[in-house]
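Observations on the model geometry
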Amino acid sequence: MTLQTWLLFALVLFAVGLYAVLARRNLIAILIGVELMLNAANINFLAFHRFVTNDPAVGQIVVLFVIGLAAAEVAIALSIVLAVYRERKAIDVQDLEELKG
Amino acid sequence: MILEALAGSLGVAGAMLVVLQRNMVRAIFGLAVALLGVAIAFLVLDAPFVAAMEVLIYIGGITVAMVFAIMLSAEGRLAVEASALRRVVGALLAAAFFAGVAYAITESSFPTTSLAAEARSELASVEAIGRDLLDRFNVVFELLSIVLLVAILGAVTIATREGSAGTEDKKA
(Lines give C-alpha, C1' and ligand atoms only; values in the text may rest on other atoms or scores of the structure.)
Protein backbone atom coordinates (compact mmCIF):
# COMPACT_ATOMS: atom_id res chain seq x y z
CA MET A 1 0.00 0.00 0.00
CA THR A 2 1.28 3.46 -0.81
CA LEU A 3 1.42 6.46 1.51
CA GLN A 4 -1.57 8.04 -0.20
CA THR A 5 -3.75 4.95 0.35
CA TRP A 6 -2.97 5.05 4.07
CA LEU A 7 -3.78 8.77 4.19
CA LEU A 8 -7.12 8.14 2.47
CA PHE A 9 -7.95 5.31 4.92
CA ALA A 10 -7.19 7.65 7.83
CA LEU A 11 -9.31 10.35 6.16
CA VAL A 12 -12.32 7.98 6.03
CA LEU A 13 -12.02 7.34 9.78
CA PHE A 14 -11.60 11.08 10.46
CA ALA A 15 -14.65 12.03 8.39
CA VAL A 16 -16.81 9.42 10.14
CA GLY A 17 -15.58 10.71 13.51
CA LEU A 18 -16.35 14.28 12.44
CA TYR A 19 -19.89 13.22 11.48
CA ALA A 20 -20.32 11.53 14.87
CA VAL A 21 -19.21 14.71 16.68
CA LEU A 22 -21.48 16.95 14.58
CA ALA A 23 -24.63 14.86 14.32
CA ARG A 24 -24.98 12.78 17.49
CA ARG A 25 -26.59 14.08 20.65
CA ASN A 26 -25.28 11.59 23.22
CA LEU A 27 -22.18 12.84 25.07
CA ILE A 28 -20.49 9.43 24.96
CA ALA A 29 -21.20 9.07 21.23
CA ILE A 30 -19.45 12.42 20.68
CA LEU A 31 -16.52 11.17 22.75
CA ILE A 32 -16.32 8.04 20.54
CA GLY A 33 -16.19 10.32 17.48
CA VAL A 34 -13.25 12.22 19.00
CA GLU A 35 -11.46 8.91 19.60
CA LEU A 36 -11.96 7.94 15.94
CA MET A 37 -10.43 11.26 14.85
CA LEU A 38 -7.43 10.80 17.16
CA ASN A 39 -6.83 7.33 15.72
CA ALA A 40 -7.00 8.68 12.18
CA ALA A 41 -4.27 11.17 13.14
CA ASN A 42 -2.23 8.29 14.61
CA ILE A 43 -2.45 6.36 11.34
CA ASN A 44 -1.18 9.45 9.52
CA PHE A 45 1.76 9.80 11.95
CA LEU A 46 2.78 6.16 11.45
CA ALA A 47 2.30 6.30 7.67
CA PHE A 48 4.57 9.33 7.38
CA HIS A 49 6.99 7.66 9.79
CA ARG A 50 7.04 4.52 7.64
CA PHE A 51 7.30 6.16 4.22
CA VAL A 52 8.99 9.56 4.67
CA THR A 53 11.35 9.81 7.63
CA ASN A 54 14.65 8.03 8.17
CA ASP A 55 14.41 8.22 11.96
CA PRO A 56 13.79 4.76 13.47
CA ALA A 57 11.37 5.79 16.26
CA VAL A 58 10.06 9.36 16.19
CA GLY A 59 6.66 8.63 14.61
CA GLN A 60 5.99 5.73 16.96
CA ILE A 61 6.86 7.85 20.00
CA VAL A 62 4.49 10.62 18.90
CA VAL A 63 1.73 8.03 18.55
CA LEU A 64 2.47 6.68 22.05
CA PHE A 65 2.18 10.23 23.44
CA VAL A 66 -1.14 10.72 21.63
CA ILE A 67 -2.45 7.43 23.08
CA GLY A 68 -1.42 8.53 26.59
CA LEU A 69 -3.07 11.93 26.22
CA ALA A 70 -6.22 10.27 24.83
CA ALA A 71 -6.38 8.07 27.94
CA ALA A 72 -6.20 11.17 30.18
CA GLU A 73 -8.82 12.93 28.05
CA VAL A 74 -11.22 10.00 28.25
CA ALA A 75 -10.83 9.79 32.05
CA ILE A 76 -11.73 13.49 32.41
CA ALA A 77 -14.54 13.36 29.84
CA LEU A 78 -16.19 10.28 31.37
CA SER A 79 -16.09 11.84 34.85
CA ILE A 80 -17.76 14.96 33.40
CA VAL A 81 -20.38 12.70 31.76
CA LEU A 82 -21.09 11.03 35.12
CA ALA A 83 -21.30 14.42 36.89
CA VAL A 84 -23.71 15.72 34.23
CA TYR A 85 -25.80 12.56 34.48
CA ARG A 86 -25.99 12.81 38.28
CA GLU A 87 -27.13 16.43 38.01
CA ARG A 88 -29.57 16.13 35.07
CA LYS A 89 -30.43 12.40 34.72
CA ALA A 90 -29.59 12.77 31.02
CA ILE A 91 -26.47 13.02 28.85
CA ASP A 92 -28.12 14.65 25.85
CA VAL A 93 -26.12 17.67 24.63
CA GLN A 94 -29.26 19.58 23.65
CA ASP A 95 -30.30 19.75 27.31
CA LEU A 96 -27.07 21.46 28.30
CA GLU A 97 -27.79 25.04 27.29
CA GLU A 98 -27.28 27.19 30.40
CA LEU A 99 -24.30 28.93 28.77
CA LYS A 100 -26.11 29.55 25.49
CA GLY A 101 -25.78 33.21 24.46
CA MET B 1 -2.15 -7.73 1.47
CA ILE B 2 -4.67 -9.76 3.50
CA LEU B 3 -3.72 -7.86 6.66
CA GLU B 4 -4.14 -4.52 4.89
CA ALA B 5 -7.60 -5.47 3.59
CA LEU B 6 -8.53 -6.71 7.07
CA ALA B 7 -7.37 -3.44 8.65
CA GLY B 8 -9.33 -1.34 6.16
CA SER B 9 -12.56 -3.34 6.34
CA LEU B 10 -12.52 -3.64 10.16
CA GLY B 11 -11.79 0.08 10.52
CA VAL B 12 -14.55 1.22 8.17
CA ALA B 13 -17.11 -1.34 9.43
CA GLY B 14 -16.47 -0.39 13.06
CA ALA B 15 -16.71 3.32 12.29
CA MET B 16 -20.03 2.75 10.49
CA LEU B 17 -21.32 0.84 13.52
CA VAL B 18 -20.33 3.83 15.69
CA VAL B 19 -22.40 6.34 13.74
CA LEU B 20 -25.37 4.14 12.80
CA GLN B 21 -26.13 2.35 16.08
CA ARG B 22 -28.57 3.96 18.50
CA ASN B 23 -27.73 1.42 21.19
CA MET B 24 -24.66 2.92 22.86
CA VAL B 25 -23.19 -0.40 24.01
CA ARG B 26 -23.16 -1.56 20.38
CA ALA B 27 -21.63 1.77 19.29
CA ILE B 28 -18.80 1.21 21.77
CA PHE B 29 -18.40 -2.32 20.38
CA GLY B 30 -18.11 -0.69 16.95
CA LEU B 31 -15.37 1.57 18.33
CA ALA B 32 -13.52 -1.52 19.59
CA VAL B 33 -13.78 -3.14 16.14
CA ALA B 34 -12.50 0.03 14.45
CA LEU B 35 -9.62 0.23 16.93
CA LEU B 36 -8.72 -3.40 16.19
CA GLY B 37 -8.54 -2.44 12.51
CA VAL B 38 -6.30 0.52 13.41
CA ALA B 39 -4.04 -1.79 15.46
CA ILE B 40 -3.71 -4.14 12.46
CA ALA B 41 -2.85 -1.09 10.32
CA PHE B 42 -0.10 -0.22 12.82
CA LEU B 43 1.19 -3.79 12.51
CA VAL B 44 1.36 -3.47 8.73
CA LEU B 45 3.12 -0.11 9.11
CA ASP B 46 6.05 -1.81 10.91
CA ALA B 47 5.09 -0.64 14.40
CA PRO B 48 4.29 -3.85 16.34
CA PHE B 49 4.94 -2.26 19.76
CA VAL B 50 2.52 0.62 19.08
CA ALA B 51 -0.04 -1.91 17.80
CA ALA B 52 0.23 -3.84 21.09
CA MET B 53 -0.16 -0.61 23.10
CA GLU B 54 -3.19 0.34 20.98
CA VAL B 55 -4.88 -2.98 21.85
CA LEU B 56 -3.93 -2.79 25.55
CA ILE B 57 -4.73 0.88 26.23
CA TYR B 58 -7.56 1.61 23.79
CA ILE B 59 -9.44 -1.68 23.52
CA GLY B 60 -8.52 -2.93 26.99
CA GLY B 61 -8.79 0.37 28.86
CA ILE B 62 -10.68 3.17 27.13
CA THR B 63 -13.58 1.19 25.63
CA VAL B 64 -14.06 -0.68 28.93
CA ALA B 65 -14.16 2.66 30.81
CA MET B 66 -16.79 3.87 28.32
CA VAL B 67 -18.89 0.74 28.89
CA PHE B 68 -18.72 1.42 32.64
CA ALA B 69 -19.86 5.03 32.09
CA ILE B 70 -22.80 3.76 29.99
CA MET B 71 -23.74 1.21 32.65
CA LEU B 72 -23.67 3.92 35.36
CA SER B 73 -25.88 6.29 33.37
CA ALA B 74 -28.96 4.25 32.56
CA GLU B 75 -30.57 6.99 30.45
CA GLY B 76 -27.60 7.10 28.10
CA ARG B 77 -27.88 3.50 26.98
CA LEU B 78 -30.24 4.28 24.12
CA ALA B 79 -29.14 7.46 22.33
CA VAL B 80 -31.81 9.97 21.31
CA GLU B 81 -32.02 10.26 17.53
CA ALA B 82 -30.72 13.63 16.35
CA SER B 83 -33.02 15.76 14.20
CA ALA B 84 -32.92 15.20 10.44
CA LEU B 85 -31.59 18.73 9.87
CA ARG B 86 -28.70 18.13 12.27
CA ARG B 87 -27.82 14.81 10.61
CA VAL B 88 -27.99 16.26 7.08
CA VAL B 89 -25.84 19.27 8.01
CA GLY B 90 -23.35 17.01 9.81
CA ALA B 91 -23.17 14.63 6.85
CA LEU B 92 -22.71 17.51 4.40
CA LEU B 93 -19.92 19.09 6.46
CA ALA B 94 -18.15 15.73 6.92
CA ALA B 95 -18.50 14.96 3.19
CA ALA B 96 -17.18 18.39 2.24
CA PHE B 97 -14.20 17.91 4.56
CA PHE B 98 -13.60 14.44 3.08
CA ALA B 99 -13.77 15.70 -0.50
CA GLY B 100 -11.44 18.64 0.13
CA VAL B 101 -8.75 16.67 1.94
CA ALA B 102 -9.03 13.69 -0.45
CA TYR B 103 -8.47 16.10 -3.35
CA ALA B 104 -5.42 17.56 -1.58
CA ILE B 105 -4.00 14.08 -0.87
CA THR B 106 -4.45 12.73 -4.38
CA GLU B 107 -3.14 15.90 -6.06
CA SER B 108 0.04 16.31 -4.00
CA SER B 109 3.18 14.25 -4.34
CA PHE B 110 5.01 13.06 -1.23
CA PRO B 111 8.74 12.43 -0.91
CA THR B 112 9.25 8.78 -0.05
CA THR B 113 12.42 7.48 1.44
CA SER B 114 12.57 4.11 3.12
CA LEU B 115 14.23 3.20 6.36
CA ALA B 116 17.35 1.09 6.28
CA ALA B 117 16.53 -2.59 6.64
CA GLU B 118 18.29 -2.99 9.99
CA ALA B 119 16.50 0.03 11.45
CA ARG B 120 13.16 -1.51 10.55
CA SER B 121 13.69 -4.88 12.16
CA GLU B 122 11.21 -5.21 15.01
CA LEU B 123 13.72 -5.57 17.84
CA ALA B 124 15.72 -2.56 16.73
CA SER B 125 12.57 -0.47 16.52
CA VAL B 126 11.44 -1.30 20.09
CA GLU B 127 14.95 -0.63 21.34
CA ALA B 128 15.01 2.73 19.55
CA ILE B 129 11.65 3.67 21.13
CA GLY B 130 12.98 2.88 24.62
CA ARG B 131 16.18 4.81 24.08
CA ASP B 132 14.44 7.87 22.65
CA LEU B 133 11.81 7.92 25.41
CA LEU B 134 14.51 8.18 28.08
CA ASP B 135 16.87 10.34 26.06
CA ARG B 136 15.60 12.65 23.33
CA PHE B 137 11.96 12.85 24.46
CA ASN B 138 12.54 12.48 28.19
CA VAL B 139 11.03 15.88 29.10
CA VAL B 140 7.85 15.14 27.14
CA PHE B 141 7.70 11.68 28.70
CA GLU B 142 7.90 13.05 32.26
CA LEU B 143 5.43 15.86 31.48
CA LEU B 144 2.99 13.27 30.16
CA SER B 145 3.20 11.34 33.44
CA ILE B 146 2.34 14.55 35.34
CA VAL B 147 -0.59 15.19 32.97
CA LEU B 148 -1.88 11.66 33.62
CA LEU B 149 -1.59 12.13 37.39
CA VAL B 150 -3.47 15.46 37.26
CA ALA B 151 -6.10 13.90 34.98
CA ILE B 152 -6.69 11.02 37.41
CA LEU B 153 -7.01 13.39 40.38
CA GLY B 154 -9.29 15.69 38.38
CA ALA B 155 -11.48 12.80 37.24
CA VAL B 156 -11.91 11.58 40.83
CA THR B 157 -12.69 15.12 42.05
CA ILE B 158 -15.22 15.86 39.30
CA ALA B 159 -16.95 12.50 39.58
CA THR B 160 -17.35 12.61 43.39
CA ARG B 161 -17.92 16.32 44.17
CA GLU B 162 -21.36 16.58 42.55
CA GLY B 163 -22.60 13.60 44.54
CA SER B 164 -21.68 15.09 47.93
CA ALA B 165 -23.20 18.43 46.91
CA GLY B 166 -26.39 16.59 45.99
CA THR B 167 -26.67 14.94 49.41
CA GLU B 168 -26.14 18.30 51.13
CA ASP B 169 -28.98 19.72 49.07
CA LYS B 170 -31.23 16.89 50.19
CA LYS B 171 -30.41 17.56 53.84
CA ALA B 172 -31.20 21.27 53.40
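Keep in mind that what you see is a predicted model, and the values were worked out from it rather than measured.

**Quick word on helix 3 (residues 48-72) of chain B**
Relative to the 36 Å expected for 25 residues at 1.5 Å per residue, helix 3 of chain B spans 35 Å between its end C-alpha atoms, a close match to the ideal helical length. Maximum bend of helix 3 of chain B: about 25°, positioned at Y58 of chain B. Regarding helix 3 of chain B, the residues found buried are V50, A51, M53, E54, Y58, I62, T63, M66, A69 and I70 of chain B. As for helix 3 of chain B, its buried residues are in contact with helix 2 (27-51) and helix 3 (58-88) of chain A together with helix 2 (24-44) of chain B.

**Details of a nonpolar patch on the surface**
There is a patch of nonpolar side chains on the surface, built from V139, V140, L143, I146 and V150 of chain B and spanning about 460 Å² of accessible area. Mapped onto the elements, I146 of chain B comes out in helix 7 (residues 138-171).

**Comments concerning the packing of helix 3 of chain A against helix 3 of chain B**
Where helix 3 of chain A meets helix 3 of chain B, the closest approach of the two axes is 10 Å, and the angle between their N-to-C directions is 5°. In terms of orientation, helix 3 of chain A and helix 3 of chain B fall into the roughly parallel class. Contacts from Q60, V63, L64, I67, A70, A71, V74, L78, L82 and Y85 of chain A in helix 3 of chain A reach F49, V50, M53, E54, I57, Y58, I62, A65, M66, A69 and L72 of chain B in helix 3 of chain B. Its residues assigned to classes, the contact of helix 3 of chain A with helix 3 of chain B shows 19 nonpolar, one polar and one charged.

**Remarks on the pattern of salt bridges**
Under the counting rule described, the total for this entry stands at three salt bridges over all chains. The salt bridge partner of R50 of chain A is D46 of chain B, with a shortest N-O separation of 2.9 Å. Of this pair, R50 of chain A sits in helix 2 while D46 of chain B sits in the loop between helix 2 and helix 3, each in a different chain. Classification of R50 of chain A by relative accessible area gives buried; the value is 19%. Taking the shortest distance from any N to any O, the salt bridge between E127 of chain B and R131 of chain B comes out at 3.2 Å. Separated by four residues within a single helix, E127 of chain B and R131 of chain B lie in helix 6 (residues 122-134), roughly one turn from each other. According to the relative accessible area criterion, E127 of chain B is partly exposed, its value standing at 46%. On the basis of relative accessibility, which here comes to 55%, the residue R131 of chain B falls in the exposed class.

**A short note on the packing of aromatic side chains**
Tallied over the full model, the rule gives four aromatic pairs over all chains. Their ring planes at 25° and their centres at 5.1 Å tell us that F14 of chain A and F97 of chain B sit as a pair that is stacked. Taken together, the residues span two chains, with F14 of chain A in helix 1 (residues 3-23) and F97 of chain B in helix 4 (residues 84-107). Look at F14 of chain A and you get partly exposed, because its relative accessible area is 24%. With relative accessibility at 30%, the residue F97 of chain B sits in the partly exposed group. For the pair F65 of chain A and F137 of chain B, a centre-to-centre distance of 6.4 Å together with 70° between the ring planes defines the contact as edge-to-face. Separated into two different chains, F65 of chain A in helix 3 and F137 of chain B in the loop between helix 6 and helix 7 make up a pair that spans both. The pair F65 of chain A / F137 of chain B is uniform in exposure class, with both members buried. The lysine or arginine in question, R50 of chain A, covers the ring of F51 of chain A, its NZ or CZ lying 4.8 Å from the ring centre.

**Re the confidence of the model for chain A**
Chain-level statistics for chain A give a pLDDT mean of 88 and a share of 99% at 70 or above. At the low end of the mean pLDDT range in chain A sits helix 3 of chain A, at 90; at the high end sits helix 1 of chain A, at 93.

Parameters at a glance
Residues numbered from 1 in each chain as written. Chains lettered and ligands numbered in written order. Predicted model: local features only at pLDDT ≥ 70, side-chain atom pairs only at ≥ 80, totals over all residues. Heavy atoms only, no water. Helix = DSSP H or I, 4+ residues; strand = E, 2+ residues; numbered from the N terminus. Expected span 1.5 Å × (residues − 1). Bend = angle between axes of the 7 residues up to and from the residue. Buried < 20%, exposed > 50% of the residue type's maximum accessible area, 1.4 Å probe, protein only. Contact = heavy atoms within 4.5 Å. Patch = residues over 30% accessible without salt bridge, like charges linked within 9 Å, V, L, I, M, F, W, Y side chains within 5 Å. Areas by Shrake-Rupley, 256 points an atom, 1.4 Å probe, with all protein chains shown as cover. Salt bridge = Lys/Arg side-chain N within 4 Å of Asp/Glu carboxyl O. Axes fitted to C-alpha atoms, helices over the stretch in contact; angles between N-to-C directions. Parallel < 35°, antiparallel > 145°, perpendicular 65-115°, else oblique. Nonpolar A, V, L, I, M, F, W, Y, C, P; charged D, E, K, R; others polar. Phe/Tyr/Trp six-rings, centres within 6.5 Å; stacked < 30°, edge-to-face > 60°. Lys NZ or Arg CZ within 6 Å of the ring centre and 35° of its normal. pLDDT = per-residue confidence, 0-100.

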